[in-house]
Amino acid sequence: MAKRKFGISFVQVVNHTRCKMKKALSVVLFVVLLLSMSGIANAQTELSLWYHGAGNETERSILLGIIDDFNMAQSEYTVVLEEFPQESYNSSIVAAALAGDLPDIIDVDGPVMPGWAWSGYMQPLNLSEGALDDFLPGAIGEWHGEVYSVGLWDAAVSIYARRSVLEAHDIRIPTLDDPWSGDEFDAILEQLQASGDYEYALDLGMAWTGEWYPYAFSPFLQSFGGDMIDRSTYLTAEGVLNGEAGVAFGEWWQSLFERGLAPGTSQDGADRETGFIDGKYALQWNGNWAGINTLAAVGDDLLFLPAPDFGSGSTIGAASWQFGISSSSMNAEGANAFIEHAIQDEYLAAFSDGIGLIPATAGAAALSEHYSEGGALEVYFGLSEAQALVRPVTPGYATVALVFEKALADIANGADVQDTLDAAVDEIDQDIEDNMGYGFGDM
Amino acid sequence: MRSLSFENQQRLLIGLRYALLILIAMIFIFPIVFMVVSSLKPDMQLLRDSGSLRAFLPVGDISLDNYADAFERVPMLQFFFNSVFTTVVSVAAALWLNSMAAFSFAFLQWRGKALVLSLIIATFIVPFEVIAIPLLMVVNSLPWLGPGGIEIGWLNSYHVQIIPFIADSLGIFLFYQYFRDLPDELVEAARIDGASIWQIYTRIIMPIAGPILATVAILKFLGMWNAYIWPLMTIRSEELRPIMVGLQYFFQLNTAWGEIMAYLSVVTIPVLLFYLALQRAFIESIATSGIKG
Amino acid sequence: MTTAAEARQKAPLWVRWLLPKDAPLYQRNDAVIGWLMAAPALIILTVFLVIPFFMAFFWSFTNQRLISPNPTEWVGLRNFGRLLNVQVFNLEPERDAAGHIVYEEGAIQYPRLRTFTRNNPDYPHLDGLREFTSWQSGENRTVILVGDVVFLRALINTLIFAAVIAPLQGGLALVLALLLNQALPFINVFRSVYFAPVVVSMVVVSLLWRFIYDGHNGLLNTILGILSFGNFQPVDWLGNPYTAMPALIAMSAWQAVGFHMVIWLAGLQTIPASLYEAAGLDGAGAWQKFRYVTWPGLRNTAVLVLIVITIQAMGLFVQVDVMTRGGPLDATQSVVFQAVQRGYDKQDIAEGSAISVVLFIIVFIIAMVQRYITREKE
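Residues numbered from 1 in each chain as written. Chains lettered and ligands numbered in written order. Predicted model: local features only at pLDDT ≥ 70, side-chain atom pairs only at ≥ 80, totals over all residues. Heavy atoms only, no water.

### Here's the deal with the overall build of chain C
Put simply, the test is: By definition, any uninterrupted DSSP run of H or I lasting at least four residues is a helix, any uninterrupted run of E lasting at least two residues is a strand, and each is numbered from the N terminus. All radius of gyration figures rest on C-alpha atoms, and the globule criterion is 2.2 Å times the number of residues raised to 0.38. Burial status follows relative accessibility: with a 1.4 Å probe on protein chains alone, a residue under 20% of its type maximum counts as buried, one over 50% as exposed, and anything between as partly exposed. In what follows, a contact means two residues having at least one pair of non-hydrogen atoms within 4.5 Å.
Each helix and strand counted, chain C has 16 helices and 5 strands in total. For chain C, the C-alpha radius of gyration of 28 Å lies well beyond 21 Å, the compact-globule estimate for 378 residues. Each of the 378 residues in chain C was classed as buried or not, and the buried ones make up 53%. Partitioning the intrachain contacts of chain C with sequence separation of at least 6 by distance along the chain shows that 59% fall at a separation of at least 24.

The following block contains the structure:
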């Protein structure tokens, strides 16, 4: 019996473990049973919500706060959050739609919404009367006369400048009512460039490929009197994008790079982020989201100036991320209830404080840190209210945006303006024709 | 002047050879050094340094903050586990299925073999990007035995990240090329000794396939570890996402370059280790096999 | 005794189906096992590669959209017609009222092409076409007009990319492999270092190299500046249409050369040392050893490396997507980038599929030609 020296045999150990495992298993089973029973007792309906902000802790915690409040406030629905990284959010949604696997509540970028609505991925919102009365126009997503989406914030673009620099060069500080005219702006760029103090007079953000181009640069075209598409019919871009105004814009655009006033398409992303702060660039065309960081680096000297007026008024792009409801949702009522819950001023203000975007209502702006009276970014609320123009409201926007981006990049790199814009028009028109007019008129 | 002795000449040659090797090594390693060094710097400094040789030097405000922040932003351990799991399973399955198919092509006679082989090589031509959408539709209509019985649709799972990529034509092709170069006597002798085909595959061919196993394993490992587009299309839950998708978490309104560099460093190290581990096996197997000639 | 052919005749149908023609019946076991062993891989390839490809093939003859409520319609060869429409047009000089050619600063003046290609009812076949290239022929200009300039550029760029990178990368990889095929101390360290870029994902590599190629303060310009004692004028590598493609080629070769080096190394190891010894005894020098021992021994490896690089090069995508998005001025457009951009971003999956089909056919032809040229001569 030498083997019994250690008190218990191997077999006993095994048996003992088995016993333990059995016990553990029964405990687990019991818990599972309890959990499933509690589920039955509550009979809560789950609402899935997909959001584009994966990786942003601040956004996540604010959104989870809103969701928790909603889940606590009523017993019928539980909202469950699923986060996706922004860069690829649209692909994820399109893939889900193709697979017939959309959530109840989707987060959608403003200009993309008409495409999804037209394709039947989304259903109109059904909020209570007047719920959106105070909202900035850019935060409301409309398609064919119905509201499909609403945003908790909007974004805006302005010219970043240093007061000291403008004063040193004797340059007038423009206002919302009296912006720089096109000629004035051009002369200022020449003057700043000629001073030799800067690598470039103006940083347009050419490093930010993609949606930035149509969002940030189409307002210049509109101010010249052109547009990306004829908004009266949404059936062609002929004469609007490649008309006289379009060509005039294109020539000016090309000259910015020919004269070396702005860095071109190969601008380094790093320079985009640090160039203005480091003093490489005199002026910068940038969104309000960069405002807080730049303010921290530059201080009170920083100015946010309105877009120049090239003859047809100043405009800036509008519409950011918004909430909508998928057409496949069986719980539209709950989804609407959640969205209505989420668009309260306090949440709008919380998001604004957290990520620096413009709260979608005046009431929320007053509550917010940066956009209330005397707030550092207050000027943006005015900009958004006065100048915001949504990007073309058509399902064809996905193509329009890409064609426009390529045309602007090509022109910046020296392509013939008229030919490039003609080609862009052809491509946009072809796409509209291929899609039988995207639901506008008969084609 | 005295001419160099033979021994010194040899030494000089070896010295020159090493100098050349080191020079080339620097060309290959500098972006990776840049990545690792940058991961230790705050964003502003990183971007400023990127234009000078300071980019390669851990100078200035050095810290591990970026790593801490990156870990906070991305559920890295979960992603890491997911990637390891999908990668290991895929590599193992790929080695088995592809080598088995290649063995069949190289040593067995069956009708249609030549045609099938050329079709396989033809499929190698199709870049993944161009079939991603139809592939999505295919996997979405396939059945799977889940806990609740047979379910339709493979989305949001581990197997949708693994099974479509197990067999690959390049892998089969590489194995086939290697097997074809092996002497026929090897198989014939075994047959005469009465070995079954399965035994020949497992006991004779596979043990000497070390180099090509290592090559295919590395290739498959890289493909799976760096998977990016496909998981974005098919995975909804954070619990199932692989590690490269995490890269997207850093491209926010203000891109967190320092954290990206930290994340990339963490992502890249396991792959280097995997390669180093296999490289040894790969060299040893060549040294010990000595099968040719 | 029955002959093999007679035995074959009597065998059940499935056996005859599995066996190669004229194969003796006793090989039936081989044939069954052969099929079984290949089956798992073949099934997976069929379901996850061949079927999706045929779906794309089918879509290329329709107007299928990624997302659209419109019904899918059969459009025949329309998508291919748009891609491959090429016309030759003779542009006549501008003439004044008297019929004389108009000169300006000594150059013949021509009417703008858009007067012919845009809404001109006299030239319906030119509607919407764009100039691809043109040259002088007498007093006229001959213009090549194409329906899809971007696709044609993408195709030519991709072919150039493949034609340059196949010998460049394959050759460099062989040089490195020969350098490293030695029993020197630390040689493994070098092998690993040279291989290191391969393990870094192309997305990451492209991100890193954007810093390196930057036109103002990129690392490459800085290093070249130091090496030339400041005499080097900074180049905007990715922003200049003439340097963008070479820059992409250099980076791609840098990233992948280690992988092919390993394949060459594996090939080198299969050459028996006894052959070198024998060559040495015959008084062969280093070059002769390479020419008559190494190179013939690497024949299969060479075919493999060449085909793999070419096919991968034809799939050029990530570098373009991350670094240049096809610019500047289409200098770096690639076929797959166009397929993806149209299929996903512009949601025209039919056109994207058509591009994929064209790519497949071209690569298939290239691969066949390569196999024919490098075939083992009897």
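### Overview of the overall build of chain A
What counts here: The Shrake-Rupley method, run with a 1.4 Å probe sphere, supplies the accessible areas, and residue values consider only the shown protein chains as cover.
Along the backbone of chain A there are 16 helices and 15 strands. Expressed as a percentage of contacts within chain A between residues at least 6 apart in sequence, the contacts between residues at least 24 apart total 74%. Carbon and sulfur atoms make up 53% of the accessible area of chain A, which totals about 17600 Å².

### Thoughts on the confidence of the model for chain C
Put simply, the rule reads: Note: pLDDT gives the predictor's confidence per residue, expressed from 0 to 100.
Across chain C, pLDDT averages 86, with 96% of residues at or above 70. Mean pLDDT in chain C bottoms out at helix H1 (residues 4-10) of chain C, which sits at 67, and peaks at helix H6 (residues 149-180) of chain C, which reaches 94.

### A closer look at the packing of helix H9 (residues 184-192) of chain B against helix H10 (residues 197-205) of chain B
Residues and elements named next belong to chain B. Our working definition: In this analysis, axes come from line fits to C-alpha atoms, helices being fitted only over the stretch in contact, and the angle between any two N-to-C directions falls in the range 0 to 180 degrees. Put simply, angles under 35 degrees are roughly parallel, angles over 145 are roughly antiparallel, angles from 65 to 115 are roughly perpendicular, and the rest are oblique. Two helices crossing with the near one rotated counterclockwise from the far one by less than a right angle form a left-handed crossing, whereas a clockwise rotation gives a right-handed crossing. For this classification, the nonpolar set comprises Ala, Val, Leu, Ile, Met, Phe, Trp, Tyr, Cys and Pro, the charged set comprises Asp, Glu, Lys and Arg, and every other residue, Gly included, is treated as polar.
Two elements in contact, H9 and H10, have axes whose closest approach is 10 Å; the angle formed by their N-to-C orientations is 130°. The orientation of H9 relative to H10 falls into the category oblique. In terms of crossing hand, the pair formed by H9 and H10 is right-handed. Between H9 and H10, the contacting residues are Leu-186, Val-187, Ala-190 and Arg-191 on the first element and Ile-197, Ile-200, Ile-204 and Ile-205 on the second. Counted by class, the contact of H9 with H10 contains 7 nonpolar, no polar and 1 charged residues.

### A short note on the domain arrangement of chain A
All names here are of chain A. For clarity, the threshold we go by: Where each domain begins and ends is defined by an automated method or by a domain database. Each of two parts loses accessible area, computed with a 1.4 Å probe, when they are put together; buried area is these two losses added. What makes a salt bridge here is a side-chain nitrogen of Lys or Arg within 4 Å of a carboxyl oxygen of Asp or Glu, nothing more. For the purposes of these results, a polar contact is taken to be a pair of N or O atoms within 3.5 Å, where, inside protein, one atom must be able to donate a hydrogen and its partner to accept one; residues adjacent in sequence count only when each atom of the pair is a side-chain atom.
In terms of domains, chain A is made up of domain 1 (45-155 + 320-376) and domain 2 (157-315 + 393-439). Inter-centroid distance (C-alpha atoms) of domain 1 to domain 2 is 29 Å. With 15 residues of domain 1 at the contact, the number on the domain 2 side is 14 residues. Both faces considered, domain 1 and domain 2 share a buried interface measuring about 1100 Å² in area, 67% of it formed by carbon and sulfur atoms. Considering only the surface of domain 1 that becomes buried against domain 2, Pro-111, Trp-118 and Ala-155 emerge as the three largest contributors, covering 40% of it. Our enumeration of links across domain 1 and domain 2 arrives at 0 salt bridges. Counting across the interface, domain 1 meets domain 2 through 3 residue pairs in polar contact (both at pLDDT 80 or more). Mapped onto the side of domain 1 that touches domain 2, the elements with two or more residues apiece are helix H4 (113-118) and strand E5 (140-143). At 3 residues, the largest contribution of residues to the side of domain 1 that touches domain 2 is made by H4. Residue composition of the side of domain 1 that touches domain 2, grouped by class: 9 nonpolar, 4 polar and 2 charged.

### What to know about the side chain of B:Arg241
Relative to the assigned elements, B:Arg241 resides in the loop between helix H12 (229-234) and helix H13 (257-289). One polar contact links the side chain of B:Arg241 to the main-chain carbonyl oxygen of A:Glu83, over a distance of 2.4 Å. Polar side-chain contacts of B:Arg241 include one of 2.5 Å to the side chain of B:Tyr249. Residues within four places of B:Arg241 in sequence aside, it is in contact with A:Glu83, A:Phe84, A:Pro85, B:Phe79, B:Asn82, B:Ile235, B:Arg236 and B:Tyr249.

### A look at the confidence of the model for chain A
All names here are of chain A. The share of residues in chain A with pLDDT of 70 or more is 90%, and the mean pLDDT across the chain is 87. In the model, residues 1-18 has pLDDT below 50 throughout and makes 3 contacts with residues more than four positions away in sequence or in other chains. Long-range and interchain partners of residues 37-41, a stretch whose pLDDT sits below 50, account for 0 contacts in this model, where long-range means more than four residues apart.

### Focus: the interface of chain C and chain A
The interface is formed by 34 residues belonging to chain C together with 41 residues belonging to chain A. Each partner contributes to the roughly 3000 Å² buried at the junction of chain C and chain A, and carbon and sulfur atoms together form 45% of this total. The largest share of the area that chain C buries against chain A comes from C:Ile67, C:Arg118 and C:Lys346, three residues that together contribute 20% of it. Where chain C packs against chain A, one counts 12 salt bridges. In this structure, the salt-bridge partner of C:Arg114 is A:Asp422, at a minimum N-O distance of 2.4 Å.

### Focus: the nonpolar core
Grouped burial of nonpolar side chains is what soluble globular proteins tend to show. So the rule is basically this: In this text, buried Ala, Val, Leu, Ile, Met, Phe, Trp, Tyr and Cys residues form a nonpolar core when linked through side-chain atoms within 4.5 Å.
One finds A:Leu204, A:Phe217, A:Trp253, A:Leu283, A:Trp285, B:Phe179 and C:Tyr194 to be the most contacted residues of the largest nonpolar core, which totals 353 residues. Counting 9 residues, the second largest nonpolar core, distinct from the first, contains C:Phe89, C:Phe116, C:Leu129 and C:Leu145.

### Quick look at the sheet that holds strand E10 (residues 281-287) of chain A
Residues and elements named next belong to chain A. Test applied: Paired strands are those between which DSSP finds at least two bridges.
Spatial strand order, E9-E10-E8-E11: 4 strands in an open sheet with mixed pairing. With one partner strand each, in any of the chains shown, strand E9 (200-203) and strand E11 (302-305) form the two edges of the open sheet. In this sheet, neighbouring strand axes are inclined to one another by 20° on average, regardless of whether the strands run parallel or antiparallel. Here strand E8 (residues 157-162) runs beside E11; their pairing, made up of 4 bridges, is antiparallel. The residue of E11 that forms the bridge with Ile-159 is Leu-305. Lying on the sheet, helix H9 (residues 269-278) is in contact with E8, E9, E10 and E11; it crosses E10 at an angle near 125°.

### Considerations on the packing of aromatic side chains
Just so we agree on the cut-off: Geometry of aromatic contacts follows a simple scheme: Phe, Tyr and Trp rings, the Trp one being its six-membered ring, pair when their centres are within 6.5 Å, and the pair is stacked under 30 degrees between planes, edge-to-face over 60, tilted otherwise. Put simply, a charge is over a ring when the Lys NZ or the Arg CZ is close to the ring centre, within 6 Å, and near the line of the ring normal, within 35 degrees.
Following the criterion strictly, the structure yields 79 aromatic pairs over all chains and no others. Ring plane angle 80° and centroid distance 5.4 Å describe the contact between B:Trp144 and B:Trp154, whose orientation is recorded as edge-to-face. Within this pair, whereas B:Trp144 is found in strand E1 (residues 143-146), its partner B:Trp154 is found in the loop between strand E2 (149-152) and helix H7 (159-162), the two being separated by 10 residues in sequence. By relative accessible area, which is 31% here, B:Trp144 ends up partly exposed. B:Trp154 gets classed as buried once you look at its relative accessible area, which sits at 7%. Sitting over the ring of C:Tyr292, C:Arg291 keeps its end group 5.1 Å from the ring centre.

### Some thoughts on the interface of chain B and chain C
Taken together, the contact pairs 94 residues of chain B with 92 residues of chain C. When the two sides are added together, the surface that chain B and chain C hide from each other amounts to roughly 8300 Å², 80% of it contributed by carbon and sulfur. Contact with chain C buries area across many residues of chain B, yet B:Phe28, B:Arg111 and B:Ile125 alone supply 10% of it, more than any other trio. The interface formed by chain B and chain C includes 1 salt bridge. With a closest N to O distance of 2.7 Å, B:Arg191 and C:Asp30 form a salt bridge. Taken together, the links from chain B to chain C amount to 6 residue pairs in polar contact (both at pLDDT 80 or more). When residues of the side of chain B that touches chain C are traced back to their parent elements, those giving at least two are helix H1 (6-38), helix H4 (76-107), helix H5 (113-123), helix H6 (128-140), helix H8 (169-181), H10, helix H11 (210-225) and H13 of chain B. No other element matches the 15 residues that H1(B) contributes to the side of chain B that touches chain C. Looking at side-chain class alone, the side of chain B that touches chain C contains 72 nonpolar, 14 polar and 8 charged residues.

### As for the sheet that holds strand E5 (residues 140-146) of chain C
All names here are of chain C. Pairing is antiparallel across the open sheet formed by 3 strands, whose spatial order is E1-E5-E4. Each edge of the sheet is formed by a strand with only one pairing partner; in this case those strands are strand E1 (86-91) and strand E4 (130-137). Pairwise comparison of adjacent strand axes, ignoring direction, gives a mean angle of 20° for this sheet. Bridging between E1 and E5 involves 6 bridges; their strand directions are antiparallel. The partner of Gln-87 across the bridge, within E5, is Leu-145. Packing of H6 onto the sheet brings it into contact with E4 and E5, and relative to E4 it is tilted by some 75°.

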